[in-house]
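The primary structure of each chain is shown beneath.
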Amino acid sequence: MSWSDQLALHTDQAGALTCAYMTPAHRAVAAQLDAWMRESGFDEVRHDAIGNVIGVYRADPAVARPRIVSTGSHYDTVRDGGKYDGRLGILLPMAIVADLHARDQRLPYDFEVVAFAEEEGLRFGSTFLGSSAYIGRFDETVLDKTDADGITMRAAIANAGLDPARSAHCATDVDRIKHYFEVHIEQGPVLLDSGLPLGVVTAINGGVRRILTLTGLASHAGTTPMAMRHDAACAAAEIILYVEQRCASVPALVGTVGTLQVVNGSVNVVPGVCRLSLDLRAPEDGMRDAALADIEARIAEICQRRGVRCETEEVMRKTASACAPGERALWAKAIAAQGAPVYELPSGAGHDAMMVGQATSMSMLFVRCGNGGISHNPLEIITIEDAQLAAQATQAFMLELAAA
Ligand code: HGY
Ligand code: MN
Ligand code: MN
């Protein structure tokens, strides 16, 4: 818990926790994790070209060709975020290794704790940079994406002293991975409202993320009659309200316009260009894609009627990811062994496990969030009791995995 507090001191934004990819705060967090991993007794700590920090706690030397069990989560944050999203999934396994090391206990597998460098997409719009590099599926075309200041991802990585040319060569020994698990805060109210400390994840919702650029006609706010306007912001407003209405009509379907800007706007100019993001998610891809089709049709109708053009860039598409049934059962056993109730639930949020799960079996443990379950917000909170219970359940799960 104090590690989380200390990591939160490294921020790009005074008075808030914002840790975007490859900023000085981001680099300071990587260095701090390295130091704590070494103090905790990891046998090796390596940094790859994307900024992942990978601690390895080697298997019992008596095991000839040990497999790898990986765990981890991301250490970047959203803007003005909470201090447990991602970080809990790195620090909790680190504390477990410190405990194993203190008792000189080894596992029958190499245990890799991965601090993924980027998952949120805050600075460059691309997501899962760390976990895609870790399994050897990094998309090098994203290196040319630029941030709000026009800096390319390639330059940001090089400026941080890493080698972007090696971005496609960061993979761990994927063939040796036996399983990947991720411990994460629930980021919702279900466990809290049910009075439960822990939950086993059944599946992670699939998502589509797009950036829409609406182009109307900038014109004088005082002289342009209302009927002659091609107002990009009014088109955006109709679209946003339709997204809300369409998604509210189907349980478990969610749609969000999280960013919205009038590009080069002025108080006395009819908005010519409006840029907005669209984030659509559902437990099944068909449910999500049906909503997407309806939203696309409505956008076309709104733009045609208003004389506005819409350009769409799809920046993420992730299919719904099922958690491994065998490991779900091991989590249930590990949680029950702590005397805690066992509860299964889907994940509305995306996680690195969606990406790593493309290369190996994956599972997730959720930890209860306080403050109504709020997340992606500085009010994000967990209790030390729940963190302790999660650590005990995770260590028990790791021993179940060893026996499996
Ligand atoms: O957006 C998500 O679901 C994750 O928190 N990046
Ligand atoms: Mn997040
Ligand atoms: Mn997260």
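Please read these numbers as outputs of a predicted model, since none were measured by experiment.

K.L.:
Got a minute to help me understand the layout of surface pockets in this structure?
P.N.:
Any space left empty among the atoms is revealed by the rolling of a water-sized probe across them. One number sums up the size of the second largest pocket: a volume of about 370 Å³. As for the second largest pocket, its lining consists of 16 residues, of which L92, A95, A387, Q388 and A391 are closest to the centre.

K.L.:
What should I look at first to understand the coordination of the manganese ion (ligand 3) in this one?
P.N.:
Tetrahedral coordination by four donors sets the ideal angle at the metal to 109.5 degrees; octahedral coordination by six donors sets it to 90 or 180 degrees. The protein atoms that coordinate the manganese ion (ligand 3) are H74 (NE2), D85 (OD) and H184 (NE2), at distances of 2.1 to 2.3 Å. For the manganese ion (ligand 3), all donor residues lie on one chain, and their spacing in sequence is H-x10-D-x98-H.

K.L.:
Honestly, the side chain of R288 in this entry has me stumped. Any pointers?
P.N.:
For R288, the position within the fold is in helix α8 (residues 285-306). A relative accessible area of 3% means that R288 is categorised as buried. Those residues in contact with R288 that sit more than four places away from it in its chain are G206, G207, V208, L253, L280, R281, A282, R317, K318 and T319.

K.L.:
I'm lost on the site of ligand 1 in this one. Help?
P.N.:
Around ligand 1, the surrounding shell consists of E119, E120, R209, R281, A349, G350 and H376. In this structure, E120 approaches ligand 1 through a side-chain N or O atom, which is 2.8 Å from a nitrogen atom. Within the contact set of ligand 1, an oxygen atom lies 2.7 Å away from a backbone nitrogen or oxygen of G350. Computed on the free molecule, ligand 1 has an accessible area of 210 Å², of which 93% lies beneath the protein chains in the complex. Here the residues of the shell around ligand 1 are counted per class, giving one nonpolar, two polar and four charged.

K.L.:
Which parts of the structure should I look at to understand unusual backbone geometry?
P.N.:
One can expect most non-glycine residues to show negative phi and most peptide bonds to be in trans. At D80, a residue that is not glycine, the phi angle is positive and equals roughly 55 degrees. With respect to the helices and strands, D80 occurs in the loop between β3 (68-74) and α3 (88-102). Phi is positive for N264, close to 55 degrees, though the residue is something other than glycine. Relative to the elements of secondary structure, N264 occurs in the loop between β10 (260-262) and β11 (269-270). Judged by its relative accessible area of 74%, N264 falls in the exposed class.

K.L.:
Help me understand the coordination of the manganese ion (ligand 2), please; the structure alone is not making it clear to me.
P.N.:
The manganese ion (ligand 2) binds to the protein through D85 (OD), E120 (OE) and H376 (NE2), with metal-donor distances spanning 2.0 to 2.2 Å. Linear spacing of the donor residues for the manganese ion (ligand 2) on their chain is D-x34-E-x255-H. A relative accessible area of 12% places E120 in the buried class.

K.L.:
Which parts of the structure should I look at to understand α3?
P.N.:
Within an α-helix, residues lying three or four positions from one another point in the same direction, as the helix has 3.6 residues per turn. Taking 1.5 Å of rise per residue, the 15 residues of α3 would be expected to cover 21 Å, and the 21 Å separating its terminal C-alpha atoms lies within 8% of that figure. Just downstream of α3, D104 is the residue with a positive phi angle, here 50 degrees.

K.L.:
Would you take a moment to explain the packing of aromatic side chains for this structure?
P.N.:
Aromatic rings in a pair are described by how distant their centres are and how their planes are angled relative to each other. Tallied over the entire structure, the rule returns nine aromatic pairs. Measuring from centroid to centroid gives 5.2 Å for W3 and W36, while their planes differ by 20 degrees, and the two rings are stacked. Residue W3 is located in helix α1 (residues 2-7), and its partner W36 is located in helix α2 (residues 24-40); the two are separated by 33 residues in the primary sequence. Judged by relative accessible area, W36 falls into the buried class, the value being 5%.

K.L.:
Teacher, can you tell me more about the pattern of salt bridges here?
P.N.:
Close approach of charged atoms lets side chains of opposite charge pair. Counted under the stated rule, the structure contains 29 salt bridges. Close ionic contact of K333 with E400 constitutes a salt bridge, the shortest N to O distance being 3.2 Å. Here E400 lies in helix α11 (residues 384-403) and K333 lies in helix α9 (residues 325-336), a separation of 67 residues in the sequence. A salt bridge links R368 to D386; the shortest N-O distance between them is 2.7 Å. Taken as a pair, R368 in the loop between β16 (362-367) and α11 and D386 in helix α11 lie far apart in primary sequence, 18 residues in all. In this structure D386 comes out as buried when scored by relative accessible area, which is 6%. Linked by salt bridges that have partners in common, E44, R46, R58, D110, E112, D173 and R176 make up one network.

K.L.:
Which parts of the structure should I look at to understand the packing of α2 against α3?
P.N.:
Remark: α2 packs on α3, axes separated minimally by 8 Å, with the N-to-C direction vectors making an angle of 25 degrees. By the criterion of interaxial angle, the relationship of α2 to α3 is roughly parallel. In this structure, α2 uses L33, W36, M37 and S40 to contact α3, whose residues at the interface are I90, L91, M94, V97, A98 and H101. Here the contact of α2 with α3 is built from residues that sort into eight nonpolar, two polar and no charged.

K.L.:
What exactly am I supposed to notice about the pairing of strand β7 (residues 206-215) here?
P.N.:
Along any regular strand the residues' side chains alternate between the sheet's two faces. Of all 10 residues that make up β7, eight are buried, and the element is covered over most of its length. The sheet contact formed by β7 and strand β12 (residues 273-282) spans 10 bridges and is antiparallel. Bridge pairing links G206 to A282 in β12. Alignment of β7 against strand β13 (residues 309-318), held across nine bridges, turns out to be antiparallel. In the sheet register, R210 faces β13, and the bridge partner there is E314.

K.L.:
Mind showing me how you'd approach empty space enclosed by the protein here?
P.N.:
Evaluation of the coordinates by the stated rule reveals one cavity of 30 Å³ or more. As for the largest cavity, its lining consists of H74, D76, T77, V78, G81, G82, D85, E120, H376 and E380. For the lining of the largest cavity, the residue count by class is one nonpolar, five polar and four charged.

Each value, and the rule that gives it
Residues numbered from 1 in each chain as written. Chains lettered and ligands numbered in written order. Predicted model: local features only at pLDDT ≥ 70, side-chain atom pairs only at ≥ 80, totals over all residues. Heavy atoms only, no water. 1 Å grid on protein atoms, 1.4 Å probe; cavity = no way out; pocket = protein on both sides within 12 Å on 5 of 7 lines; lining within 4 Å. Points joined across faces, edges and corners; volume = space filled by probe spheres on them. Donors = N, O, S within 2.8 Å, 3.2 Å for Na, K, Ca; no water. Helix = DSSP H or I, 4+ residues; strand = E, 2+ residues; numbered from the N terminus. Buried < 20%, exposed > 50% of the residue type's maximum accessible area, 1.4 Å probe, protein only. Contact = heavy atoms within 4.5 Å. Near = heavy atom within 4 Å. Polar contact = N/O pair within 3.5 Å; in protein donor to acceptor, adjacent residues only side chain to side chain. Areas by Shrake-Rupley, 256 points an atom, 1.4 Å probe, with all protein chains shown as cover. Nonpolar A, V, L, I, M, F, W, Y, C, P; charged D, E, K, R; others polar. Expected span 1.5 Å × (residues − 1). Phe/Tyr/Trp six-rings, centres within 6.5 Å; stacked < 30°, edge-to-face > 60°. Salt bridge = Lys/Arg side-chain N within 4 Å of Asp/Glu carboxyl O. Axes fitted to C-alpha atoms, helices over the stretch in contact; angles between N-to-C directions. Parallel < 35°, antiparallel > 145°, perpendicular 65-115°, else oblique. Pairing = 2+ DSSP bridges.

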